[in-house]
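Residues per chain are reported as follows:
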Amino acid sequence: MAAVGRPLSRGCTVGRSGELDPIAALLAGDNRAWEAFVRRYAALIVAAVRNVAPTTGDVEDLTQEVFVRLCKDEFRLLRTYDSTRASLSTWITIVARSTARDGLRRRRPISVPIEAVPEALLKVDAVEPSPKLKLPESLLSPRQREILGMLYDGEMDVAEIAQALSIDPQTVRSAHHKAMLKLRAHFNAEID
């Protein structure tokens, strides 16, 4: 058996108490050691993946990828752990983040420059304008209709309307407010 603190790839290690190291037991094929490893490090791996994953739905998938990577090829990656370089929890965190980033990179959709897309695929069907609302003639005053038309159809701002009509901007705001109150009352009455 190897001395305490040697890399796992160099054989099983014995802990200070004389017991077989649980990681070494795991590498030797002990199923109970794998279960103990999962119980001990699952929360750490989930936390590391959660820091990388954009959504909670990705956390489970990426965590699974980390565990698969750790036990793949008879724990090949886990055998590379060297306790002289980092603690096991630090090493596992690095592996988990790296695996999660790699997993997300593989999922990223392939982007294509818009210039490379045939023009026929970029064609958008024409949008028919929606019909204008028919309002009772007596509902709004001519000034209110004009101001609403300039605001919404002409896409003008309050200052432009005030200048065009030679009135104060506050008068425009007031006429707009009163018109909106009338329209709300009218449509609420229709719904009821």
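This text gives an overview of the structure that appears in the document. Please read these numbers as outputs of a predicted model, since none were measured by experiment.

### Considerations on the pattern of salt bridges
Step number 1: For the structure on display, the rule yields six salt bridges.
Step number 2: Close ionic contact of R105 with D102 constitutes a salt bridge, the shortest N to O distance being 2.8 Å. Of this pair, R105 and D102 both sit in helix α4 (residues 88-107), separated by three residues, roughly a single helical turn.
Step number 3: Residue D102 is classed as partly exposed on the basis of its relative accessible area, which comes to 27%.

### Observations concerning the packing of aromatic side chains
How two aromatic rings sit relative to each other is given by the distance of their centres and the angle of their planes.
Step number 1: All chains considered together, the criterion is met by five aromatic pairs.
Step number 2: Chaining the aromatic ring pairs together yields one cluster made of W34, F37, Y41, F67 and F75.

### Details of the packing of helix α6 (residues 142-153) against helix α8 (residues 169-191)
Step number 1: The contact between α6 and α8 brings their axes to 9 Å, and the two run at 100 degrees. As judged from the angle between their axes, α6 and α8 are roughly perpendicular. Facing Q144, I147, L148, L151 and Y152 of α6, the residues of α8 in contact are V172, A175, H176, K178, A179, M180, K182 and L183.
Step number 2: In terms of residue class, the contact of α6 with α8 is built from nine nonpolar, two polar and two charged.

### Notes on the side chain of T99
Step number 1: Its location among the elements puts T99 in helix α4.
Step number 2: Its relative accessible area of 5% is what places T99 among the buried residues.
Step number 3: Beyond its immediate sequence surroundings of up to four residues, T99 is in contact with E65, V66 and R69.

About the criteria used
Residues numbered from 1 in each chain as written. Predicted model: local features only at pLDDT ≥ 70, side-chain atom pairs only at ≥ 80, totals over all residues. Heavy atoms only, no water. Salt bridge = Lys/Arg side-chain N within 4 Å of Asp/Glu carboxyl O. Helix = DSSP H or I, 4+ residues; strand = E, 2+ residues; numbered from the N terminus. Buried < 20%, exposed > 50% of the residue type's maximum accessible area, 1.4 Å probe, protein only. Phe/Tyr/Trp six-rings, centres within 6.5 Å; stacked < 30°, edge-to-face > 60°. Axes fitted to C-alpha atoms, helices over the stretch in contact; angles between N-to-C directions. Parallel < 35°, antiparallel > 145°, perpendicular 65-115°, else oblique. Contact = heavy atoms within 4.5 Å. Nonpolar A, V, L, I, M, F, W, Y, C, P; charged D, E, K, R; others polar.

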